[in-house]
Amino acid sequence: MNDDQLLRYSRHILLPQLGIDGQERIVGARVLVIGAGGLGSPAAYYLASAGVGTLVLADGDVVDLTNLQRQILHTTDAIGRPKAESGRDTLARINPDCRVVPLSERLSGARLDEEVAMADVVLDCCDNFATRHAVNRACVAARKPLVSGAGIRFDGQVAVFDLRQADGPCYNCLFPEGQESEEVRCAVMGVFAPLTGIVGSVQAAEALKLLADIGVPLSGRLLLLDGLSMEWREIRVPRDPACPVCSVRPAKAA
Ligand SMILES: [Zn+2]
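Residues numbered from 1 in each chain as written. Predicted model: local features only at pLDDT ≥ 70, side-chain atom pairs only at ≥ 80, totals over all residues. Heavy atoms only, no water.

**Examining the coordination of the zinc ion**
Distances from the zinc ion to its protein donors, Cys170 (SG), Cys173 (SG), Cys243 (SG) and Cys246 (SG), fall at 2.3 Å. Each of the 4 donor atoms around the zinc ion contributes to a set of angles spanning 95 to 121°, which defines the coordination as tetrahedral. In primary-sequence terms, the residues that donate to the zinc ion follow C-x2-C-x69-C-x2-C. Residue cysteine 173 is found in helix H8 (residues 171-174), and its partner cysteine 246 is found in the segment after strand S8 (231-236); the two are separated by 73 residues along the sequence. (Donors = N, O, S within 2.8 Å, 3.2 Å for Na, K, Ca; no water. Tetrahedral: all angles 85-135°; square planar, octahedral: opposite > 155°, others 65-115°. Helix = DSSP H or I, 4+ residues; strand = E, 2+ residues; numbered from the N terminus.)

**A closer look at the sheet that holds strand S1 (residues 30-34)**
Sheet strands associate in pairs through backbone hydrogen bonding, adopting either a parallel or an antiparallel arrangement. Read from one edge of the open sheet, 8 strands run S3-S2-S1-S4-S5-S6-S7-S8, paired in mixed fashion. In this open sheet, the two edge strands, each paired with only one partner strand, are strand S3 (99-103) and S8. Direction aside, the axes of adjacent strands within the sheet are offset by 15° on average. By the bridge criterion, 4 bridges tie S1 to strand S4 (residues 121-124) in an arrangement that is parallel. The partner of valine 31 across the bridge, within S4, is valine 121. Packing of helix H5 (residues 83-94) onto the sheet brings it into contact with strand S2 (54-58) and S3, and relative to S3 it is tilted by some 170°. Running at roughly 175° to strand S5 (residues 145-152), helix H10 (residues 193-212) makes contact with S1, S4, S5, strand S6 (155-162), strand S7 (221-226) and S8 of the sheet. (Pairing = 2+ DSSP bridges. Axes fitted to C-alpha atoms, helices over the stretch in contact; angles between N-to-C directions. Contact = heavy atoms within 4.5 Å.)

**Re a nonpolar patch on the surface**
Together, Phe154, Phe192 and Leu228 line one region of the surface with nonpolar side chains, adding up to about 290 Å² of accessible area. Examined against the element boundaries, leucine 228 turns out to sit in the loop between S7 and S8. (Patch = residues over 30% accessible without salt bridge, like charges linked within 9 Å, V, L, I, M, F, W, Y side chains within 5 Å. Areas by Shrake-Rupley, 256 points an atom, 1.4 Å probe, with all protein chains shown as cover. Salt bridge = Lys/Arg side-chain N within 4 Å of Asp/Glu carboxyl O.)

In structure tokens, the structure reads:
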């Protein structure tokens, strides 16, 4: 780190758990954020301001007036622009040291696998089950830690699936594909603006902890937030030994 970086990150470096070593790991990291909306906005803000070296911001949508109530990366004059590019411009103003790679596409297939394989940590900040499961499969295949968040109405949830650990659960262990309750979208159900900020900020915190290798990660645990009563609950998430995504199925007896 140069002198400017030592100053910029001095309040991190002062933390004995982080110090220069932890901050250097953050500065050297590449993080993939999938979705530059309600969750991805606060998550990307903190990752960029905290000094993540390379932040890949993937979103195939353009900024819409209805997004601005909570998607704080974007401003009124960005309406109609791709979210990934609008986000890149905002983050560049916060921290020019953070190299933001805007991907104005809905990552899937080989492109998704490629980006996940290059990342040190992946944040799922998307708004639909199909993408969540695709991101999970890619993280299982590449054994990358996945920080998953969701928010709708006044309800938030956040969990870490550390797929580097042999006994760690994956997203599909918790929410098996095809067994989801009906997809609930912000467009129909509404969402409380700061709820997405709280969940996205927890995602950023967990990602930075994973990168710096400090503390106790939210791994194998699901945090549930009721924003109306402002109560958190924690549920332990065991690995499903029969999970078709993360388990090697036992060979059939001959
Ligand atoms: Zn699994």
